[in-house]
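One letter stands for each residue in the lines below.
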Amino acid sequence: MGPIRRVSIAAMTCAALLLLPGAAADAAPAQDAPAVVPDGGYVLDGFGGLHPFGGAPAVAPGSYWQGWDIARAVVTRADVRSGYVVDGWGGLHAFGGAPRVAPTGYWRGWDIVRGLALRPDGRSGYVLDGWGGLHPFGGAPAVAVASYWSGWDIARGVALDACDASGTSGWVLDAYGGLHAFGGAPARTAWYLPGVDLARGITSWCQGGASAGYVVDGWGRLHPFGAAPIAGTTTWPGWDIARGVVMDRAGDGGWVLDGWGGLHAFGGARRVAPSGYWYGWDIARGVGANGGGGSMPHAVGRTLRPLQGTGAWVDLFDWSLTYTGGSPSVGTADIDAMAAAGMETLFIQVTRIDAPTDIVEPARLALLLDQAHRRGMRTCAWFLPGLADPAVDQRKVAAIARLDVDCVAVDIEPTVAQTDPEARNANLVSLSRYARATVPRAIPLAAIVLPPVVTEILNPSYWPDFPWTSICDHYDAWMPMSYWTNRPVDSIWRDPYRYTTENVRRLRIDLADPGALVHVIGGIGDQVTAAELLAFRQAATDTRSIGLGIYDWASTPATLRDDLRG
């Protein structure tokens, strides 16, 4: 494993250009070939930064998206100092002097790219979409895929057959580990686990004229195919943290990439130290070396942008006629004010346990959502289930799934409707599974959860044996309600920094995932001071939370709203 040290992504890529996906930076000037081709390559972070290892020279990325996890895969050319990065929309970005190329598949606003493969000529290849389609670039001939899953984001990687000099055959990897040959490549089997989305990367090489390769699963296990020998390296049983695999120059070993940026040698590959390593932050997205590479994103098929940055929270007692006695305090003008204050996402409650309809006042709700979208904000619909009648909760989820929103969040806090903890836990697990299966795959699903300090220290009897590990696979991010103002003024937990950091620390331990993605919620708005808001923001930064907000917008003084974003 690489040394445990944190390296700022921004610092490693300070010379990079900030571009939208698909926008290509001018290629860097051609460089003289190095006297010795390094036995290494580059780790790609989610923002587009390139971090060399194994003697590869430092390079400026073709594009860089500060704070936006949108880079998806990297490949290097034979000189191991140039290559291509593909973003989630299909844009191709040359670096290190590689010639600029135009994609033949591009999906603006849709994070659907799952892999990248480079042909032996070093200037053409294929982009893989999540449905299994292969899209040529740089003059590569079109190829017919043997398997295609229309409407199903199930493809996870692509590798070309290194024994085919034409570079037009290979294999598509599906999420369950299946290999699907195309272009005349021989049929191969590595490992297959039906129904379990755990395949994370694929690499191949030519072994004595016979094709060989490995599939890596999320736990770091290597599954050989073809002529490849059995190999092993660091594994993390039960932890989905491996993000890619690549071979060394000799073809007798290689490296597995973990989500924190660590590189783990196997076979005859030498140990290498990463130049970028992010302890506790799952942000590594791909690895390219020795004329190959590629990888796939952690949150497959979904963008977490709605959960990143600052959010404005609104509940039914703010915007609806039903719950305000006909006098709502939030309307379309307030959406304008949110956008002006720099709020990036509108988190709006759309139903609750006692709602008279599955979606409360859908026409009025649509006006607010449309206004947010017009103002460039993202939208996240949240709701409070009862966890007593599964049919009712599921019906509400199905209705929410049909809304024009960018995110869905489940508010997991009620205990009154279902007082039996065992039955409540079972209903929560069932609802979480149903929600992930029902909400469109491209939309992230978040869990709004009780603060662990409350459930584990202050009041363990409130919700005993909360089923963290039984629901963790169904949610993309976690939103602890870290309302320090609910704590007594003489309590140590009244400190917003201490309360928030401890809630996040315990949350990640409960989930058995030190890299769990967190959007922290503070409050309550009308009791927060400017100094407390500053401490809360610092806690969000120090815990590497991807977003933050104060509950709620209506109760937060106007003097503090502009300070929330910082």
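Please refer to the structure higher up on the page.
Residues numbered from 1 in each chain as written. Predicted model: local features only at pLDDT ≥ 70, side-chain atom pairs only at ≥ 80, totals over all residues. Heavy atoms only, no water.

### Brief notes about the state of the cysteines
Thinking step 1. Following the criterion strictly, the structure yields 1 disulfide and no others.
Thinking step 2. With its sulfur 2.1 Å from that of its partner, Cys-163 forms a disulfide with Cys-206. Since a negative S-S torsion denotes a left-handed disulfide, the Cys-163-Cys-206 link at about 105° is right-handed. With a gap of 43 residues between them, Cys-163 in the loop between strand E9 (155-160) and strand E10 (170-174) and Cys-206 in strand E12 (residues 199-207) connect regions that are remote in the sequence.
Thinking step 3. Accessibility expressed as a relative area gives 29% for Cys-163, which makes it partly exposed. (Disulfide = S-S within 2.5 Å. Helix = DSSP H or I, 4+ residues; strand = E, 2+ residues; numbered from the N terminus. Buried < 20%, exposed > 50% of the residue type's maximum accessible area, 1.4 Å probe, protein only.)

### What to know about the sheet that holds strand E26 (residues 519-523)
Thinking step 1. Strands sit in the order E20-E21-E22-E23-E24-E25-E26-E27 around a closed barrel of 8 strands; the barrel is parallel. Looking at each pair of strands side by side, their axes are set apart by 25° on average, direction ignored.
Thinking step 2. Pairing of strand E20 (residues 309-314) with strand E21 (residues 345-351) involves 4 bridges; the strand directions are parallel. Each residue of the ladder has a partner; that of Val-314, found in E21, is Ile-348.
Thinking step 3. Together, E21 and strand E22 (378-383) form the strand contacts of helix H4 (residues 362-374), whose direction differs from that of E21 by roughly 170°. (Pairing = 2+ DSSP bridges. Axes fitted to C-alpha atoms, helices over the stretch in contact; angles between N-to-C directions. Contact = heavy atoms within 4.5 Å.)

### Observations concerning the packing of aromatic side chains
Thinking step 1. One pass over the structure, following the stated rule, counts 26 aromatic pairs.
Thinking step 2. Between Trp-382 and Tyr-551, the aromatic rings sit 6.5 Å apart at their centres with planes inclined by 70°, giving edge-to-face as the arrangement. Here Tyr-551 lies in strand E27 (residues 547-551) and Trp-382 lies in strand E22, a separation of 169 residues in the sequence. Judged on exposure class, the residue Trp-382 and its partner Tyr-551 are both buried.
Thinking step 3. Every member of this aromatic cluster is reached through a ring pair, and the members are Trp-313, Phe-347, Trp-382, Tyr-483 and Tyr-551.
Thinking step 4. Seen from the ring of Trp-493, Arg-498 lies directly overhead, with NZ or CZ sitting 5.5 Å from the centre. (Phe/Tyr/Trp six-rings, centres within 6.5 Å; stacked < 30°, edge-to-face > 60°. Lys NZ or Arg CZ within 6 Å of the ring centre and 35° of its normal.)

### Points about the sheet that holds strand E15 (residues 242-247)
Thinking step 1. Strand order in the open sheet formed by 3 strands is E15-E16-E17, with antiparallel pairing between adjacent strands. A single partner strand is all that each edge strand has here, and the edge strands are E15 and strand E17 (263-267). The sheet shows a mean angle of 25° between the axes of neighbouring strands, taken without regard to direction.
Thinking step 2. Here strand E16 (residues 253-258) runs beside E17; their pairing, made up of 5 bridges, is antiparallel.

### Some words on empty space enclosed by the protein
Thinking step 1. Counted under the stated rule, the structure contains 3 cavities of 30 Å³ or more.
Thinking step 2. Considered as a void within the structure, the largest cavity measures approximately 90 Å³ in volume.
Thinking step 3. Lining the largest cavity we find 14 residues, and of these Ile-550, Trp-553, Thr-556, Arg-561 and Leu-564 sit closest to its centre.
Thinking step 4. When contributions to the lining of the largest cavity are tallied by element, the ones reaching two or more residues are E20 and helix H11 (558-565).
Thinking step 5. Tallied by class, the residues present in the lining of the largest cavity amount to 9 nonpolar, 3 polar and 2 charged. (1 Å grid on protein atoms, 1.4 Å probe; cavity = no way out; pocket = protein on both sides within 12 Å on 5 of 7 lines; lining within 4 Å. Points joined across faces, edges and corners; volume = space filled by probe spheres on them. Nonpolar A, V, L, I, M, F, W, Y, C, P; charged D, E, K, R; others polar.)

### Describing the pairing of strand E11 (residues 179-182)
Thinking step 1. Strand direction decides the pairing type here: E10 and E11, joined by 4 bridges, are antiparallel. Across the sheet, Val-172 pairs through a bridge with His-180, a residue of E11.
Thinking step 2. Joining the antiparallel neighbours E10 and E11 is a turn of 4 residues, in which Gly-177 adopts a positive phi near 105°.

### A closer look at the packing of helix H5 (residues 390-400) against helix H6 (residues 421-438)
Thinking step 1. Running from N to C, H5 and H6 cross one another at 25°; their axes reach a closest spacing of 10 Å. Considering the angle they form, H5 stands roughly parallel to H6. Viewed along their axes, H5 and H6 form a crossing whose handedness is right-handed. In this structure, H5 contributes Pro-390, Asp-393, Gln-394, Val-397 and Ala-398 to the contact, and H6 contributes Asn-427, Ser-430, Leu-431, Tyr-434, Ala-435 and Thr-438.
Thinking step 2. The class makeup of the residues in the contact of H5 with H6 is 6 nonpolar, 4 polar and 1 charged. (Parallel < 35°, antiparallel > 145°, perpendicular 65-115°, else oblique. Left-handed = near helix turned anticlockwise from the far one by under 90°.)

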